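Okay, here's what each chain looks like letter by letter:
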Amino acid sequence: MEQQGTIGLVTPSGDASLFIRLPEGSIGNGIRFNSKGDMLVADYTGHNILKVNMHTKKIEVFAHEDNMNQPNDIAITKDDYLYASDPNWADSTGNIWLITPMGEVILLEADMGTTNGIEVSPDGKQLYVNESRQVNLWVYDIGEDKSIGNKRLFYKFDGYGLDGMRCDTKGNLYVTRHEKGAVAILSPKGELLNEVNLTGTKPSNITFYQGWAYVTLQDKG
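What counts, and at which threshold
Residues numbered from 1 in each chain as written. Predicted model: local features only at pLDDT ≥ 70, side-chain atom pairs only at ≥ 80, totals over all residues. Heavy atoms only, no water. Phe/Tyr/Trp six-rings, centres within 6.5 Å; stacked < 30°, edge-to-face > 60°. Helix = DSSP H or I, 4+ residues; strand = E, 2+ residues; numbered from the N terminus. Buried < 20%, exposed > 50% of the residue type's maximum accessible area, 1.4 Å probe, protein only. Lys NZ or Arg CZ within 6 Å of the ring centre and 35° of its normal. Pairing = 2+ DSSP bridges. Axes fitted to C-alpha atoms, helices over the stretch in contact; angles between N-to-C directions. Salt bridge = Lys/Arg side-chain N within 4 Å of Asp/Glu carboxyl O. Contact = heavy atoms within 4.5 Å. Polar contact = N/O pair within 3.5 Å; in protein donor to acceptor, adjacent residues only side chain to side chain.

Attention shifts here to the packing of aromatic side chains. Evaluation of the coordinates by the stated rule reveals three aromatic pairs. When the centroid spacing of 5.0 Å and the interplanar angle of 65° are considered together, the rings of Tyr-128 and Phe-154 count as edge-to-face. Here Phe-154 lies in strand β14 (residues 148–156) and Tyr-128 lies in strand β12 (residues 126–131), a separation of 26 residues in the sequence. Classification of Tyr-128 as buried rests on a relative accessible area of 1%. Its guanidinium or amino end placed over the ring of Trp-138, Lys-151 lies 4.4 Å from that ring's centre, counting from NZ or CZ.

Here it is in structure tokens:
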């Protein structure tokens, strides 16, 4: 809707409308849906995860953490645990947070690079996190308690920036390359399978629907 603090609805035919207006001062970024169908929104100015009832459009604060820099992208497990990236752009640093289904917020790792795109593998066993400015893509093992460990470098990119990521049903990881105007496709083994060029230069987020990938382009609006 070309306005900060709003979430729009776009139909497959390209018609756009205002879906909701977030609370005053809130600006949304990453969006996921839980198993109940609620929309979860990273509100980076309010240091919140907002929950939206898709039927009534009621908005409430699901989780809040003053110590967050700005919750940016979020990933979700099948049992509704959230992982949030939390970059500090001024210092080129970042954190990773876990948000439980009850809204409890737990710091998992601090003092990383500028954490941005984040995704859970289809089998729920691995967490992918990229560092936008350092162009590193890390992978962790997810424990039964949703903790993360065994951190290792999954892929190192050659410049530009990194933003949103999503896995397809086969476990391939699609990574938006900000400023390059491309989406990189990596296998579960960390092999670069393909790179798809886009019409704009600043892809920000990506999602899948019925076999199609939809990408938001910051420079195209």
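Quick look at the sheet that holds strand β9 (residues 93–99) now. On the basis of which strands lie adjacent, the open sheet formed by four strands has the order β7-β8-β9-β10 and antiparallel pairing. Two strands bound the open sheet, and with one partner strand each, they are β7 (74–76) and β10 (105–112). Taken over all neighbouring pairs, the strand axes of this sheet differ in orientation by 20° on average, direction set aside. Sheet analysis places β9 next to β10, joined by five bridges and oriented antiparallel. Residue Ile-99 lies in a different strand from β10, and its bridge partner there is Val-105.

Below, the discussion takes up the pattern of salt bridges. On inspection of all chains with the given rule, the structure shows seven salt bridges. Salt-bridge contacts for Arg-152 lead to Asp-141; the nearest nitrogen and oxygen are separated by 3.1 Å. Of the two residues, Arg-152 is situated in strand β14 and Asp-141 in strand β13 (residues 136–142); the sequence distance between them amounts to 11 residues. Within this structure, Asp-158, Arg-177, Lys-180 and Glu-195 form a network of salt bridges that share partners.

This part covers the pairing of β9. Remark: a regular strand shows side chains that alternate across the two faces of the sheet. Burial analysis of β9 places six of its seven residues in the buried class, the great majority of the element. Direction of pairing for strand β8 (residues 82–88) relative to β9: antiparallel, over a ladder of seven bridges. Following the sheet pairing, Ala-84 is matched in β9 by Trp-97. Linking two consecutive strands that pair antiparallel, namely β8 and β9, is a turn of four residues; a positive phi of about 55° is found at Ser-92 within it. Between β9 and β10, which pair antiparallel in sequence order, lie five residues; one of them, Gly-103, sits at a positive phi of approximately 90°.

Another point: the pairing of strand β18 (residues 192–197). Two strands pair when backbone bridges link them, and strand β17 (residues 182–186) and β18 are joined in this way by five bridges, in the antiparallel orientation. The residue bridging Ala-182 from the neighbouring strand is Asn-197, located in β18. Here β17 hands over to β18 after five residues, with Gly-190 in that stretch at a positive phi of 85°.

A few words now on the sheet that holds strand β6 (residues 59–64). Strand order in the open sheet made by the four strands is β3-β4-β5-β6, with antiparallel pairing throughout. Looking at which strands have only one partner, the edges of the open sheet turn out to be β3 (28–33) and β6. Shown here is a sheet whose adjacent strand axes are inclined to one another by a mean of 30°, direction ignored. Pairing of β3 with strand β4 (residues 39–43), which is carried by four bridges, proceeds in the antiparallel orientation. Considered in β4, the bridge of Gly-28 is made with Asp-43.

Next up on the list: the side chain of Gln-70. In this fold, Gln-70 is placed in the loop between β6 and β7. Judged by its relative accessible area of 17%, Gln-70 falls in the buried class. If near-sequence neighbours (up to four positions away) are discounted, Gln-70 is found in contact with Tyr-44, His-47, Ser-85, Asp-86, Pro-87 and Trp-89.

The next subject is the side chain of Asn-116. One can find Asn-116 in strand β11 (residues 115–120). Within the local environment of Asn-116, its side chain forms a polar contact with the backbone oxygen of Leu-162, the two atoms lying 3.3 Å apart. Filtering out sequence-adjacent residues up to four positions away, Asn-116 remains in contact with Asn-72, Asp-73, Ser-85, Trp-89, Asn-130, Ser-132, Leu-162 and Asp-163.

Function cannot be inferred from these measures alone, as they are strictly geometric.
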